[in-house]
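Observations on the model geometry
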Amino acid sequence: VQLVESGGGLVQPGGSLRLSCAASGSGSSIYTMGWYRQAPGKQRELVARIFSGASTIYADSVKGRFTISRDNAKNTVYLQMNSLKTEDTAVYYCHSKISPWGSDYWGQGTQVTVSS
């Protein structure tokens, strides 16, 4: 499975960005897709995930500000990020699993920088 991300960039505090991640090569429906992030000197952490039944989970730090959605026909996941804060600055990685017991797949990462 190949994951290609887009949509990162530089934004001022309070601004918005939308990340996209398109999956290819799965050959079947995908169990889960989501986003993780890694800031300098910190461990990679979950941001949000969406499952094949459309259920979602979010990190507490982004609840109410970020929204994850998915287009199953396109095997694409989106992350709408609003009210961005400087602490949201990180490299954001797309993640997917074909099945609950399957391998983890990762995108190459896209930089999100929130700064005035």
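These numbers were taken from a predicted model, which means no experiment stands behind them.

**Side note on the pairing of strand β9 (residues 90–97)**
- In terms of burial, β9 is a largely internal element, seven of the eight residues being buried.
- Bridge analysis of strand β4 (residues 32–38) against β9 gives seven bridges, and the strand direction is antiparallel. For R37, the partnering residue across the bridge sits in β9 and is Y92.
- Bridge count for β9 against strand β11 (residues 110–114) is three bridges, and the pairing is antiparallel. By the bridge assignment, A90 is partnered in β11 with V112.
- Here β9 pairs with strand β10 (residues 104–106) via three bridges, running antiparallel. Paired with K97 across the two strands is D104, which belongs to β10.

**Things to note about the nonpolar core**
- Grouped together as the largest cluster of nonpolar side chains are 26 residues, with contacts concentrated most on W35, L79, M81 and Y92.
- For this core, the secondary structure elements donating two or more residues are β3 (17–24), β4, β5 (45–51), β7 (66–71), β8 (76–81), β9 and β11.
- Looking at this core element by element, the count peaks at four residues for β3.

**Here we look at the state of the cysteines**
- Applying the stated criterion to the full structure yields one disulfide.
- Here C21 connects covalently by a disulfide to C94, the sulfurs 2.0 Å from one another. Because the torsion about its S-S bond is -85°, the bridge between C21 and C94 counts as left-handed. Of this pair, C21 sits in strand β3 while C94 sits in strand β9, placing them 73 residues apart in sequence.
- Residue classification places C21 among the buried residues on the basis of a relative accessible area of 0%.

**Let's talk about the side chain of H95**
- As for its position among the elements, H95 is in strand β9.
- A residue is classified by how much of its surface remains accessible, and H95, at 2% relative accessible area, is buried.
- Within the structure, the side chain of H95 is placed 2.7 Å from the side chain of D104, a separation counted as a polar contact.
- Not counting the four nearest positions on each side in its chain, H95 is found in contact with L3, T32, M33, G34, Y36, R49, D104, Y105 and W106.

Quick notes on the rules
Residues numbered from 1 in each chain as written. Predicted model: local features only at pLDDT ≥ 70, side-chain atom pairs only at ≥ 80, totals over all residues. Heavy atoms only, no water. Buried < 20%, exposed > 50% of the residue type's maximum accessible area, 1.4 Å probe, protein only. Helix = DSSP H or I, 4+ residues; strand = E, 2+ residues; numbered from the N terminus. Pairing = 2+ DSSP bridges. Core = buried A, V, L, I, M, F, W, Y, C linked by side-chain atoms within 4.5 Å. Disulfide = S-S within 2.5 Å. Polar contact = N/O pair within 3.5 Å; in protein donor to acceptor, adjacent residues only side chain to side chain. Contact = heavy atoms within 4.5 Å.

That's the geometry; what it means functionally is another story.
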